[in-house]
Amino acid sequence: MESINKECEEPPGKAKPPHPWAHVPVEQWADWRWQVGHRLNSAEDLAQVIHLTPSEQSALDASGCFRTAITPYFASLMDPDDPNCSIRRQVIPTDKELVPFQAEMDDSLAEDSQSPVPGLVHRYPDRVLMLVTTQCASYCRYCTRSRVVGNAHAQFSNADYQRQIAYIAANPQVRDVLISGGDPLMLSLKVLERLLEQLRAIPHVEVIRIGTRVPIFLPQRIDDELVDILKRYHPLWMNIHINHPKELTPESEAAIAKLADAGIPLGSQTVLLAGINDCPNVMMALVHKLVKNRVRPYYLYQCDLVHGAGHFRTPVAKGIEIMEALRGHTSGFAIPTYVIDAPSGGGKIPILPNYMLSMSDSRVVVRNFEGFVSAYTQPTDYQAHDPATCVHCQTHQSEGGQEGVASLLNGERLVIAPQDWEQLHRREQPFIAVSSAPKQAEEVSR
Ligand SMILES: *Cc1c(COP(=O)(O)O)cnc(C)c1O
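Residues numbered from 1 in each chain as written. Predicted model: local features only at pLDDT ≥ 70, side-chain atom pairs only at ≥ 80, totals over all residues. Heavy atoms only, no water.

Chemist: Would you mind going over the sheet that holds strand E2 (residues 127-131) with me for this structure?
Modeler: Across a sheet, paired strands are connected by hydrogen bonds in the backbone, their directions being either parallel or antiparallel. Spatially, the 9 strands line up as an open sheet ordered E1-E2-E3-E4-E5-E6-E7-E8-E9, and their pairing is mixed. Both edges of this open sheet fall to strand E1 (120-124) and strand E9 (347-350), since each of them pairs with a single strand only. Neighbour-to-neighbour, the strand axes of the sheet open up by a mean angle of 30°, direction not taken into account. In this sheet, strand E4 (residues 207-212) lies alongside strand E3 (residues 176-180) in parallel orientation, the contact comprising 4 bridges. By the bridge assignment for E4, Asp-176 is matched with Val-207. Where helix H8 (residues 158-170) meets the sheet, it contacts E1, E2 and E3, and its direction lies at approximately 175° from that of E2. Across the sheet, helix H13 (residues 280-292) touches strand E6 (266-272) and strand E7 (295-302), and the angle it forms with E7 is around 145°. (Pairing = 2+ DSSP bridges. Helix = DSSP H or I, 4+ residues; strand = E, 2+ residues; numbered from the N terminus. Axes fitted to C-alpha atoms, helices over the stretch in contact; angles between N-to-C directions. Contact = heavy atoms within 4.5 Å.)

This is the structure:
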């Protein structure tokens with residue numbers, strides 16, 4: 001009884017290392033530098049801690065496989081005997097990773113072609129994604145940036161950072177900077193603080209965000225020194241990549257609590273992964289655990305069309321089924337937005353079950369999560385908003401061509417047409433398929 005109580009009093013992170021690391025001194029186990037220095041990288045390393053399957057063994061031995069590195073802490077969460085373990089599947093390759101699939105790409109989000117300077121993706125009107133490192137604490141097998149991430153020889157230099165910052169400084173519409181990578185919390189504190197300081201010095205940068213998985217892979221890194229730096233650059237938000245309730249351990253929960261106590265609003269980003277969290281009940285358990293830890297579920301991502309990730313993809317229907325199981329059944333703030341990050345740089349597109357069934361000019365027919373169908377009566381005496389008397393309308397800035405469908409609604413535009421739409425509909429020339437033989441094309445032009 002006494003010893004149990006004593007164990008409960010141990011602060012998380014100072015707990016005894018689990019088997020097979022029982023010989024490691026507690027101070028080393030709790031030291032993030034030790035964790036990074038002792039990552040498991042090879043079949044040889046991993047065979048010491050789990051029973052490798054032939055499929056895992058051959059993928060680990062294959063050359064050209066995306067980098068493997070797993071902190072001992074995260075590896076300690078794996079089931080050594082269950083190849084389907086949801087922790088294990090996220091970080092240990094299998095030979096399925098080497099199987100190409102239809103529609104796969106290296107850069108499925110077209111980030112490279114939407115970068116005005118290396119590492120800076122400016123896709124949305126008012127915010128940018130700033131990639132600051134290629135290194136992570138551990139590597140996810142389905143990494144959407146496996147084309148650059150994990151490569152020790154492709155690092156961002158200070159010159160790259162300065163070009164990124166100069167671009168942001170020169171573009172006053174950028175009010176939100178999302179620092180990602182790789183994992184920005186793997187940078188040295190000096191480099192990280194310099195970046196935060198330079199971004200904060202730009203008057204139009206209102207919000208800084210960090211995307212990270214360090215609280216999950218390397219919770220020891222979230223120490224007072226790091227948190228003291230972060231909280232000097234408010235408003236600073238953070239999104240943590242979390243896929244499964246098992247990832248929320250006493251150690252990661254303590255790291256998350258430190259961040260929340262520092263006033264950092266926390267969100268989670270979850271990737272929908274076959275065999276890992278493609279289940280409404282797993283997802284419900286995850287979102288409940290997240291909100292208990294003051295983390296607001298932010299996005300649930302459909303798995304990208306990225307090379308090596310084919311076996312993690314689910315039908316979109318699975319995501320819809322999960323959203324149907326969440327909305328109404330639990331707290332609204334526990335429900336993420338399910339998105340497809342559209343191929344070729346289309347960006348995040350929300351996908352959800354249909355709740356609006358029909359409408360007339362007087363009524364909208366909606367259904368709730370229980371299947372209860374009701375009619376909402378629309379007003380007949382609505383006084384339309386008057387932009388002429390609205391200070392926000394009067395000072396509204398153009399989005400430089402990205403006004404989109406909203407501009408059709410507000411009357412700025414009448415159409416959005418595909419490229420060459422007008423020319424196509426003039427039908428002056430017979431349609432020539434791209435695959436036409438040159439001879440046919442010649443005949444046409446004669
Ligand atoms: C996801 C993403 C953002 C941020 O999008 P939010 O919906 O604001 O979270 C910004 N830029 C790029 C390129 C992104 O992929």
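Chemist: How do you make sense of the domain arrangement of the protein when you look at a structure like this?
Modeler: Where the parts come together, the accessible area they lose is often given as the size of the interface. What the domain assignment lists for the protein is domain 1 (26-94) and domain 2 (112-350). Averaged C-alpha coordinates put domain 1 and domain 2 at centres separated by 22 Å. If you look at the interface, domain 1 gives 27 residues, while domain 2 gives 32 residues. Of the roughly 2300 Å² buried between domain 1 and domain 2 on both sides combined, carbon and sulfur atoms contribute 57%. (Domains from an automatic or database assignment. Buried area = accessible area lost by both parts, 1.4 Å probe.)

Chemist: Explain the environment of Val-117 here, please?
Modeler: Note on placement: Val-117 falls in the loop between helix H7 (88-91) and E1. Sequence-wise, Val-117 and Arg-163 are 46 residues apart; in three dimensions their C-alpha atoms are separated by 6.7 Å. Ignoring any residue separated from it by four or fewer positions in sequence, one finds Val-117 in contact with Arg-163, Gln-164 and Tyr-167.

Chemist: Honestly, the environment of Thr-144 in this entry has me stumped. Any pointers?
Modeler: For Thr-144, the position within the fold is in the loop between E2 and H8. Taking relative accessible area as the criterion, Thr-144 reaches 23% and is therefore assigned partly exposed. When the C-alpha atoms of Thr-144 and His-307 are compared, they prove to be 8.4 Å apart, with 163 residues separating the residues in sequence. What Thr-144 contacts, discounting residues up to four positions off in sequence, is Asp-106, Ser-108, Leu-109, Asp-304 and Val-306. Side chain to side chain, Thr-144 and Asp-304 meet in a polar contact 2.6 Å long. (Buried < 20%, exposed > 50% of the residue type's maximum accessible area, 1.4 Å probe, protein only. Polar contact = N/O pair within 3.5 Å; in protein donor to acceptor, adjacent residues only side chain to side chain.)

Chemist: Teacher, can you tell me more about the confidence of the model for the protein here?
Modeler: Do not read the predicted coordinates in detail wherever pLDDT is low. Averaged over every residue, the pLDDT of the protein is 93; the share at 70 or more is 93%. In this model residues 1-9 is a low-confidence stretch, pLDDT under 50, and it forms 0 contacts with partners more than four residues away in sequence or in other chains. Low pLDDT (under 50) marks residues 436-446, which in the prediction has 2 contacts with non-local residues, meaning those over four places away or in another chain. (pLDDT = per-residue confidence, 0-100.)

Chemist: Would you mind showing me how to read the sheet that holds strand E12 (residues 373-377) here?
Modeler: What the 3 strands build is an open sheet, ordered E10-E11-E12; its pairing is antiparallel. Single-partner strands in this sheet number two, and they are strand E10 (356-359) and E12. On average, each strand axis in the sheet is inclined to that of its neighbour by 25°, with strand direction left out of account.

Chemist: What am I meant to see in a nonpolar patch on the surface here?
Modeler: Taken together, the side chains of Val-405, Leu-408, Leu-409 and Ile-416 make up a nonpolar region of the molecular surface, amounting to roughly 400 Å² of accessible area. Here Leu-408 lies in helix H16 (residues 405-409). Among the residues examined, Leu-408 registers a relative accessible area of 33% and is labelled partly exposed. (Patch = residues over 30% accessible without salt bridge, like charges linked within 9 Å, V, L, I, M, F, W, Y side chains within 5 Å. Areas by Shrake-Rupley, 256 points an atom, 1.4 Å probe, with all protein chains shown as cover. Salt bridge = Lys/Arg side-chain N within 4 Å of Asp/Glu carboxyl O.)

Chemist: Help me understand the site of the ligand, please; the structure alone is not making it clear to me.
Modeler: Around the ligand, the neighbouring residues are Val-121, Arg-123, Tyr-124, Arg-127, Leu-129, Leu-178, Arg-209, Tyr-298, Tyr-299 and Lys-348. Between an oxygen atom of the ligand and a side-chain N or O atom of Tyr-299, the distance comes to 2.5 Å. With respect to the ligand, the side chain of Lys-348 contributes an N or O atom lying 3.0 Å from an oxygen atom. In isolation the ligand offers 380 Å² of accessible surface; the protein chains occlude 91% of this area. For the shell around the ligand, the secondary structure elements donating two or more residues are E1, E2 and E7. When the residues that make up the shell around the ligand are grouped by side-chain class, the tally is 6 nonpolar, no polar and 4 charged. (Near = heavy atom within 4 Å. Nonpolar A, V, L, I, M, F, W, Y, C, P; charged D, E, K, R; others polar.)

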